[in-house]
Amino acid sequence: MNTKTPSITASSSFVDIMEKNHMEIPWHDYTNNDSDVLICKAGLIEKASVIGRVGLIMLSCGTGAWRVRSSMNKLSRELGVTCTVDIGLMSIEFNCFDGHDCVSQSLSIPNTGVNTSKLYRMEQFVDSFPDKEAHMTGEEIHQCLDQIEEIHTLYSPSTLGLAAALACCGFTFLLGGGISEMIFAFFAAGIGNALRTKLIKHHFTLFLNVALSVSTACLIYACLLKAAELIFHISVLHEAGYICSMLFIIPGFPFITSGIDLAKLDLRSGLERLTYSVIIVLVATMFAWIMALILKLQPVDFLSIHLDTGSMLVFRLLASFCGVFGFSIMFNSPVPMTTTAALIGALANTLRLELVDLAGLPPAAAAFIGALTAGLLASAIKQYNGYPRISLTVPSIVIMVPGLYLYRAIYNFGIMSLADAVSWFAAAAMIIMALPLGLIFARILTDRTFRYCT
């Protein structure tokens, strides 16, 4: 018997012909195409397929377990069933009861990520379900969900590279860098994130895209610094900014949502999200440290910038706006949502920095107040435009995540300077804990449903 092995042509990639490790779910098999039975009158299996798919799409957007469960509960009440659900980072196990029968399902997504545009559309779907989708058939609902699932990246890899460049350029100034460091970080981060986006698009694994994108950013920064040193006689002390060129990799969404989930005692989701965040940070900082050894870069202090108080305030507002705007674009937010988040971040982050400089507050306390301010502003704005609160708060405070501290901790561990490493790590840990706490207390103050453990 002759067997033929399919060959990979120039027009097809390995991903196109390989068997997927996560099999796709044939959602339309749960419904009848010619059925005119409304979903509220349909069988339990059909109702469960809608409830589970909504939860799975919400989970794929990067939102936390509390919001996923709330959305599934709202649909369950409207359809007259009881739903119990256990939510992780990439999977959902749930049971649906209607008083007579029970349906149990275990669903998973192949990869995790952030898509605030899809999240916004899903929240609109859930909010309108009692008045609109509840009066449709199961097939019609799944067709609507098909359209929502087709909301992929709004921006090209080059645009996302430019967004990362803008974000890291603003980050560089806020950390103390000057014009030279900002320019070098702009190009290095832009190229690094464009490469990362391309790798994600072709479904390469997490470790590979983090390692390659961070290594590329460090290499580009070192090459630009060397060229400027030879041509323009730029001081080698500007090497400090290479750390800023890789800060586009900071896992802001899973870091923050892990804290919110832990606050609601969703321990499985919270711990899985925290583990995922730690993995990204460890891989990124490890490869950045290796590149620093190869390229002979050191995380020295930035050269001093001499600006008066008024000028520093203006530049901090501008840099914070640009940084949050870039990160929000990277989270796939539409421009109006991005601009709103950037305005919130500009106010909250500048307040944080001024509290440290002028009031002498510890960085962790200032981070808590900054995050609390961002959360309160986002809650007030949500009343008018309906944007998901998390789509505004996370981009506005991700610029407060101490990526520089985390890298210096790993770097000092690597060179066995343990006292400095522990100091940097402790400072970073305090700030990282303060950020979700600020958002949690903002949510407690503004959202009555979040205050209780029922």
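What you see is a predicted model, and the numbers here were worked out from it, not measured in a lab. Residue positions are given per chain, counting from 1 as you read along its sequence in written order. Predicted model: local features are reported for residues with pLDDT of at least 70 only, side-chain atom pairs are reported and counted for 80 or more only, and whole-chain, interface and lining totals are derived from all residues. Neither water nor hydrogens contribute to the side-chain values; these are computed over all heavy atoms in the structure.

Here the nonpolar core consists of buried residues drawn from Ala, Val, Leu, Ile, Met, Phe, Trp, Tyr and Cys, with membership extended through side-chain atoms lying within 4.5 Å. Burial classes follow relative accessibility: with a 1.4 Å probe on protein chains only, a residue under 20% of its type's maximum area counts as buried, one over 50% as exposed, and anything between as partly exposed. Membership of the largest hydrophobic core comes to 122 residues, with the highest contact counts inside it found for Ile92, Phe94, Phe125, Tyr242, Tyr407 and Leu435. Note on contacts: a residue pair is in contact if any heavy atoms of the two residues lie within 4.5 Å. If near-sequence neighbours (up to four positions away) are discounted, Tyr407 is found in contact with Tyr242, Ile243, Met246, Thr285, Ala288, Trp289, Ala292 and Pro299. Membership of the second largest hydrophobic core comes to five residues, among which are Phe255, Val281, Leu406 and Ala428.

Quick look at the pairing of strand E2 (residues 91–97) now. The pairing of strand E1 (residues 82–87) with E2 spans six bridges and is classified as antiparallel. Bridging from a neighbouring strand, Val85 pairs with Phe94 of E2. Summarising the sheet, E2 and strand E3 (residues 102–108) pair through seven bridges and their orientation is antiparallel. Paired with Phe97 across the two strands is Cys102, which belongs to E3. Two strands qualify as a pair provided DSSP detects at least 2 bridges between them. The helix and strand labels rest on DSSP assignments: H or I over at least four residues marks a helix, E over at least two residues marks a strand, and numbering proceeds from the N terminus. Following E2, the chain reverses through four residues before pairing antiparallel with E3; Gly99 in that reversal takes a positive phi of roughly 95°.

With that settled, the discussion passes to the side chain of Arg389. Turning to its location among the elements, Arg389 is positioned in helix H14 (residues 389–398). Of the side chains with opposite charge, Asp447 lies nearest to the buried Arg389, which makes no salt bridge, at 4.1 Å. Neither His nor the chain ends contribute to the count of charged residues, in which Lys and Arg are positive and Asp and Glu negative. For this analysis, a salt bridge means a side-chain nitrogen from Lys or Arg found within 4 Å of a carboxyl oxygen belonging to Asp or Glu.

Looking now at the state of the cysteines. Here a disulfide denotes a covalent bond joining the sulfur atom of one cysteine to the sulfur atom of another. The disulfide criterion is simple: two cysteine sulfur atoms within 2.5 Å. By the definition in use, this model includes zero disulfides. Not engaged in a disulfide, the cysteine Cys144 finds its nearest cysteine sulfur in Cys40; these two sulfurs lie 15 Å apart. Given a relative accessible area of 18%, Cys144 falls into the buried group. The thiol of Cys218 is unpaired, and the distance to the nearest cysteine sulfur, on Cys244, comes to 11 Å.

Strand order in this open sheet of three strands is E1-E2-E3, and the pairing throughout is antiparallel. Two strands lie at the open edges of the sheet, namely E1 and E3, each paired on one side alone. Direction aside, neighbouring strands of the sheet carry axes that sit 15° apart on average. Fitted lines through C-alpha atoms give the axes, limited to the stretch in contact for helices. The angle between two N-to-C directions lies from 0 to 180 degrees. Strand contacts of helix H3 (residues 65–79): E1 and E2, with the helix running at about 165° to E1, the strand carrying the most contacts.

On the surface, Leu265, Leu267, Leu271, Leu274, Val278 and Leu282 cluster together to form a nonpolar patch covering roughly 540 Å² of accessible area. With respect to the helices, strands and loops of the structure, Leu274 is situated in helix H10 (residues 267–295). Under the relative-accessibility criterion, Leu274 is labelled partly exposed at 31%. By definition, no residue in a patch forms a salt bridge, and every one has over 30% relative accessible area; like charges are joined within 9 Å, nonpolar side chains (Val, Leu, Ile, Met, Phe, Trp, Tyr) within 5 Å. For accessible areas, the Shrake-Rupley method is used with a probe of radius 1.4 Å. Any residue's cover is judged against the shown protein chains and nothing else.

The predictor reports its confidence for every residue as pLDDT, a score running from 0 up to 100. On average, residues of the protein chain score 89 in pLDDT, and 95% of them are at 70 or above. Taken element by element, the predicted model of the protein chain shows its lowest mean pLDDT in helix H1 (residues 14–17) (56) and its highest in helix H12 (residues 335–357) (95). Scored below 50 in pLDDT, residues 1–12 shows three contacts in the model against residues more than four places distant or in partner chains.

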